[in-house]
Amino acid sequence: VARAAQRPGAELFWVRGLPGVRQFQDLTRAAPDSVPPALLPDAGYAVVRSTQAPGDWVLFDCGPIAAGLFADDTPSTAHGHADVLQLLVHHAGQPVLVDAGMDGYAGAASRVEWFRGPGAHNTLEVADAPIARHAGRLAWSHARHGERLQGVLGESLALTQGAGVPTASVRVERHLCVLPGTGIWIADRLQLSATRSIRWFWQPHTQGHPGRLSQGPEGCEFAWGEHALRMRGAGTDWQAREEISKP
């Protein structure tokens, strides 16, 4: 057993105390690029990496928001954010798409709800079909989980797929095709019983580079540094907007 993390997290101390921290420190540290790819269907995570592109890394999250949530109006404070179908991306050892994080649960309730919700993650949201409903600063109700993750992870190609079903009439599938060292293709397939608006959210790590947002009849593009995020779709009613969601 070897450790990939540089240092123990605070959670390790909370759960295992000093003995857990000492056990972590006694582990041999693994080289980051030696950690193999992993498909974890029960947890709902896929970790894509390849020795062909050291420093490239993709995490796909199709797991439940948290254990202990309920599908009815019963509130639960089991901790988690509404980030089903999110992906995080590193390229050449540098972050590209990141999680916006959470700077605190105090302050305006609308701000807390934003950082807990899809808007602070790299995912999408269907109008009037949330994956869970806010039931307080720390609580959720009416929670629906992602479906079982599937995929094939190889050295030169990784394919993975997950789905979220927020209501009986809405199904969202996210398909990923990852070519290490080249790029990532994301195909979102939605099954809807009626016309609905859909919002996609992205959290690019611009690292001080000025971003350039452009929009055309078939989609939009956000470019920064050597990276670009391009969106295309069958419809023509696109509206791109750049927002700052974290100080």
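Preceding this paragraph is the structure being described.
Cut-off values and rules
Residues numbered from 1 in each chain as written. Predicted model: local features only at pLDDT ≥ 70, side-chain atom pairs only at ≥ 80, totals over all residues. Heavy atoms only, no water. Pairing = 2+ DSSP bridges. Helix = DSSP H or I, 4+ residues; strand = E, 2+ residues; numbered from the N terminus. Axes fitted to C-alpha atoms, helices over the stretch in contact; angles between N-to-C directions. Buried < 20%, exposed > 50% of the residue type's maximum accessible area, 1.4 Å probe, protein only. Arc of directions from axis to C-beta. Salt bridge = Lys/Arg side-chain N within 4 Å of Asp/Glu carboxyl O. Phe/Tyr/Trp six-rings, centres within 6.5 Å; stacked < 30°, edge-to-face > 60°. Lys NZ or Arg CZ within 6 Å of the ring centre and 35° of its normal. Core = buried A, V, L, I, M, F, W, Y, C linked by side-chain atoms within 4.5 Å. Contact = heavy atoms within 4.5 Å.

On to the sheet that holds strand β17 (residues 219-224), then. Pairing in this open sheet of three strands is antiparallel, and the strands run β16-β17-β18 from one edge to the other. The sheet terminates laterally at β16 (212-216) and β18 (227-232), the two strands that pair on one side only. Pairwise comparison of adjacent strand axes, ignoring direction, gives a mean angle of 10 degrees for this sheet. Where β16 lies against β17, five bridges are found, and the strand directions are antiparallel. Bridged to Leu-213 within β17 is Phe-222.

Moving on, we get to helix α2 (residues 109-116). For α2, the complete set of buried residues consists of Val-112, Phe-115 and Arg-116. Taken down its axis, α2 places every buried residue within 100 degrees of arc, on the same side.

This structure, assessed with the given rule, holds seven salt bridges. A salt bridge links Asp-103 to Arg-111; its shortest N-O distance comes to 2.8 Å. By relative accessible area, Asp-103 is classed as partly exposed at 43%. Here Arg-171 makes a salt bridge to Glu-147, at a shortest N to O gap of 2.8 Å. One end of the pair, Arg-171, is in strand β13 (residues 170-179); the other, Glu-147, is in the loop between β10 (140-141) and β11 (150-153), and 24 residues separate them in sequence.

Our focus in this paragraph is the packing of aromatic side chains. Applying the stated criterion across every chain yields a total of two aromatic pairs. A ring pair is formed by Trp-114 and Phe-201, whose centres lie 5.9 Å apart and whose planes are at 85 degrees; its orientation type is edge-to-face. Of this pair, Trp-114 sits in helix α2 while Phe-201 is found in the loop between β15 (198-200) and β16, placing the two residues 87 residues apart along the sequence. Judged by relative accessible area, Phe-201 falls into the buried class, the value being 7%. Judged by centre distance (5.5 Å) and plane angle (35 degrees), the rings of Phe-222 and Trp-224 are tilted. Considered together, Phe-222 and Trp-224 belong to a single accessibility category, that of buried residues. The ring of Trp-140 is capped by Arg-116, whose NZ or CZ atom sits 4.0 Å from the centre of that ring.

What follows concerns the nonpolar core. Within the largest apolar cluster, 35 residues are counted, with the highest numbers of intra-cluster contacts made by Ile-65, Leu-69 and Leu-85. The set of elements that each furnish at least two residues to this core consists of β4 (45-48), β5 (57-61), β6 (86-91), β7 (94-97), β8 (124-126), β13, β17 and β18. The dominant element in this core, judged by the number of residues it contributes, is β13, at four residues. Setting aside its immediate chain neighbours within four residues, Leu-69 contacts Ser-76, Ala-78, Trp-140 and Ala-143.

Note that every value here comes from positions in space, so none of it alone points to a role or purpose.
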